[in-house]
2 protein chains.
Amino acid sequence: MVKRQPGTTPTLEEVAALAGVGRGTVSRVINNATGVKESTRRAVQRAIAELGYVPNLAARSLAGRRADAVALAITEKDWRKFGEPFFSEVVRAVGDALADTSVQLLLTLVRSDAERTRFVEYARGGRVDGVLLMSVHAEDPLPDMLADAGLPTVLLGRRSGDEQVTYVDADNAGGAREAVEHLLRGGRRAIGTVTGPLDMYVAQSRLRGYREALTRAGIAPRAAWEAEGDFTEESGRRATAELLERHPELDAVFAASDTMAAGALAALRAAGRRVPDDVAVIGFDDFQLAQHTEPLLTTVRQPLEEIGRAMVRLLLEEMEQPEVAWRHVILRTRLVVRGSA
Amino acid sequence: MVKRQPGTTPTLEEVAALAGVGRGTVSRVINNATGVKESTRRAVQRAIAELGYVPNLAARSLAGRRADAVALAITEKDWRKFGEPFFSEVVRAVGDALADTSVQLLLTLVRSDAERTRFVEYARGGRVDGVLLMSVHAEDPLPDMLADAGLPTVLLGRRSGDEQVTYVDADNAGGAREAVEHLLRGGRRAIGTVTGPLDMYVAQSRLRGYREALTRAGIAPRAAWEAEGDFTEESGRRATAELLERHPELDAVFAASDTMAAGALAALRAAGRRVPDDVAVIGFDDFQLAQHTEPLLTTVRQPLEEIGRAMVRLLLEEMEQPEVAWRHVILRTRLVVRGSA
DNA sequence: TTGAAAGCGCTAACAG
DNA sequence: CTGTTAGCGCTTTCAA
């Protein structure tokens, strides 16, 4: 690695010389500052065009202490998950939220300790104005490392009930409760659930919502009606198959993710059950992939667009109000009824 | 957006003061330069630890004209493709290739003209040392914009036969030829193909390889045996179904991607054909997802790990030898025989 | 409305 | 081996 041909890139100074103005004036023009005579502005712009000038961002951030970039770090050792719709949809949502700003979105992978160290140095080094984190596991120290360094940081989802870092989350318990209440209204009573991995807070919350709904309806939750998955389709299939075998009397299943709901459907059909006449299925829609499941599937919709927007908004607030220790935003989910579950 | 609390972050100067040395010495220590007495080195490191010092990267790149970061830009309007294994595998491969360097990998999305402009300014602004591009469409001006700006740029795949930007590609024609030759050796004669989108060079190359194999075997290629897909599973299914309907005599199918091969398998089975007794299928393995297809499927393996390494290597060469206009590397594919196709 | 000047924090030469 | 110095290219006062 060696310096790119020096002198090749025109500097602000050269633009100023060509336009016959001072450097300050050129700076004002490229930053759209007010108080520049229209004629000089045009002269400067002509010079910029002639030289093909592009501002050096390193110099700009050094002088202006702003990077005009934010990182979206993906901290997932299991790289296969990167391909999942949930991830790409979140990336899209955040990208859309930043679409008409001048802030460059940088996705980074943080899979190992070495990568974590490198990323923290990168972020603390002032190359980004803030960091968005998704898919953070409960034991991950990265959020605290960043927050302690004074970097604006926003999590998607929380690591525990008393997360001490700014986050955006969906109302997981409420959404799950609503789903199960829908089943109850439809006359179902023996409702099982396929949970997410229970070391994740999101999975705990959805399970809690499921139990609350049953309790409120006067039905005592039964551990035997709960089977744990890991948010993959295969786990949904397996967990549902187990559930059915142990409890043929189940007349509905609440799956804590859309992917697992797809697996649940497959398992039910494989077992010769009709859906939903025989057994109804509701999933928690992580990623708006309704078209991949079935039209008869009623789901709880997690508003990823809004989550993306909220993350960006919180990040801006973090930057502007460093006196706030942290803030939390919970977004409402929505029950989407399709078919007659 | 507002400056992060100024003065909050210790500078190299403060470290030097605390350690009682000059700034140059501190710089040497943090850059692992040789020629520093062990005792002073330790003193400096103690000061660094005490202050929690982290180098300011903007200042470093300004002074040193190096960003220590490279961008991997994903120029794909159709964002769904981001979730495909090919993409995530390439990202992983490049990430692995950079794993034990101090170079930070930054993924960026370039979906619109606005994003393209923003990214070019970012890259030209000196925030990255080079750019890797994947999934570049034939008409995309981005590679030329970057290369013209003097930025080291490496494409994954080429846009045409005489690509004038550095790229890494697989031997698509050779791989396809090998696949078809394998079918011929197995006694198949009526071999159809499902091609990729023919406005992409990679699809043209694989089609060419297919035709060459037939020609060499004394079989005249027939347009009617060729059906166009778009690298998706669904298109593979549809194209294969068409092929079979028009030409029930086909005894083998070469699919120009693994995804389409999966679709081809489904179509064959739906049509009641047995695989491979009745009709054999070979796919071009973009993404090493063999486990998702079938054990009986023989594939052409595209070496993504090596492609990632080669891209990184070429990028480094671009940086070191700006006098080379461009360079091309074609990697060998490998026929992986599973089952009896 | 504009020019001049003072840094931003670091690297790299150059003296010692 | 180590301190000093001169920038890197830009933003931002401060005068004019």
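Predicted model only: the values in this text are computed from it and were never measured.

Visitor: Describe the protein's contact with DNA strand C, with residues and values.
Guide: Around DNA strand C sit 26 residues in total, of which Thr25(A), Arg28(A), Leu12(B), Arg23(B) and Tyr53(B) are the nearest. Taken together, the sugar and phosphate atoms account for 62% of what DNA strand C places within 4 Å of the protein. Between Tyr53(B) and DNA strand C, the recorded distance is 2.3 Å, taken from a side-chain N or O atom to a phosphate oxygen. Within the contact set of DNA strand C, a phosphate oxygen lies 3.2 Å away from a backbone nitrogen or oxygen of Asn56(B). For the surface near DNA strand C, the secondary structure elements donating two or more residues are helix 2 (23-30) and helix 4 (57-64) of chain A together with helix 2 (23-30) and helix 4 (57-64) of chain B. The element contributing the most residues to the surface near DNA strand C is helix 2 of chain B, with five residues. Taken together, the residues of the surface near DNA strand C break down into 10 nonpolar, 10 polar and six charged.

Visitor: Before we move on, can you summarise the protein's contact with DNA strand D with the specific residues and values?
Guide: Close to DNA strand D lie 27 residues, the nearest being Leu12(A), Arg23(A), Tyr53(A), Thr25(B) and Arg28(B). Here DNA strand D approaches the protein such that, of its atoms within 4 Å, sugar and phosphate make up 57%. Contact between DNA strand D and Leu12(A): a phosphate oxygen at 2.4 Å from a main-chain N or O atom of the residue. One nitrogen or oxygen atom from the side chain of Arg28(A) is found 3.4 Å from a base oxygen belonging to DNA strand D. Mapped by element, the contributors of at least two residues to the surface near DNA strand D are helix 2 and helix 4 of chain A together with helix 2 and helix 4 of chain B. Broken down by element, the surface near DNA strand D gets its largest block of residues, five residues, from helix 2 of chain A.

Visitor: Which residues make up the packing of helix 6 (residues 113-127) of chain A against helix 4 of chain B, and what values go with them?
Guide: In the contact formed by helix 6 of chain A and helix 4 of chain B, the axes pass within 6 Å of each other and the chain directions differ by 80°. In terms of orientation, helix 6 of chain A lies roughly perpendicular with respect to helix 4 of chain B. Between helix 6 of chain A and helix 4 of chain B, the residues in contact are Glu121(A), Tyr122(A), Gly125(A) and Arg127(A) and Leu57(B), Ala58(B) and Ser61(B), respectively. Of the residues in the contact of helix 6 of chain A with helix 4 of chain B, the class split is three nonpolar, two polar and two charged.

Visitor: How would you summarise the relation of the copies chain B and chain A if you had to cite specific residues and measurements?
Guide: Under the fitted operation, chain B is carried onto chain A by 0.0 Å of movement along the axis and a turn of 180°, and the coordinates agree to an RMSD of 0.2 Å. Both copies of the chain, as the preceding transformation shows, are related through a two-fold rotation axis. A share of 98% of the interface residues of chain B reappears at the interface of chain A, consistent with the copies meeting face to face through the same patch.

Visitor: Run through a negative patch on the surface, naming residues and quoting values.
Guide: All names here are of chain A. On the surface, Glu139, Asp199, Glu228 and Asp230 cluster together to form a negatively charged patch. Within the element layout of this structure, aspartate 230 appears in the loop between strand 7 (226-228) and helix 10 (233-246). Under the relative-accessibility criterion, aspartate 230 is labelled partly exposed at 34%.

Visitor: Describe the sheet that holds strand 12 (residues 334-336) of chain B, naming the residues involved and giving the relevant values.
Guide: All names here are of chain B. Pairing in this open sheet of six strands is mixed, and the strands run 7-6-8-9-10-12 from one edge to the other. Sheet topology places strand 7 (226-228) and strand 12 at the edges, where each strand pairs with a single neighbour. Averaged over all neighbouring strand pairs, the angle between strand axes comes to 20°, with direction disregarded. In terms of strand pairing, strand 6 (residues 191-195) meets strand 7 through three bridges, oriented parallel. Paired with valine 194 across the strands is alanine 227, a residue of strand 7. Most of the contacts of helix 8 (residues 172-185) go to strand 9 (residues 280-285), to which it runs at about 160°, and overall it touches strand 6, strand 8 (252-255), strand 9, strand 10 (298-301) and strand 12. Across the sheet, helix 9 (residues 201-216) touches strand 6, strand 7, strand 8 and strand 9, and the angle it forms with strand 6 is around 170°.

Scoring rules and cut-offs
Residues numbered from 1 in each chain as written. Chains lettered and ligands numbered in written order. Predicted model: local features only at pLDDT ≥ 70, side-chain atom pairs only at ≥ 80, totals over all residues. Heavy atoms only, no water. Near = heavy atom within 4 Å. Polar contact = N/O pair within 3.5 Å; in protein donor to acceptor, adjacent residues only side chain to side chain. Helix = DSSP H or I, 4+ residues; strand = E, 2+ residues; numbered from the N terminus. Nonpolar A, V, L, I, M, F, W, Y, C, P; charged D, E, K, R; others polar. Axes fitted to C-alpha atoms, helices over the stretch in contact; angles between N-to-C directions. Parallel < 35°, antiparallel > 145°, perpendicular 65-115°, else oblique. Contact = heavy atoms within 4.5 Å. Least-squares fit on C-alpha atoms with pLDDT ≥ 70 in both. Patch = residues over 30% accessible without salt bridge, like charges linked within 9 Å, V, L, I, M, F, W, Y side chains within 5 Å. Areas by Shrake-Rupley, 256 points an atom, 1.4 Å probe, with all protein chains shown as cover. Salt bridge = Lys/Arg side-chain N within 4 Å of Asp/Glu carboxyl O. Lys, Arg positive; Asp, Glu negative; His and termini not counted. Charge placed at Lys NZ, Arg CZ, Asp CG, Glu CD. Buried < 20%, exposed > 50% of the residue type's maximum accessible area, 1.4 Å probe, protein only. Pairing = 2+ DSSP bridges.

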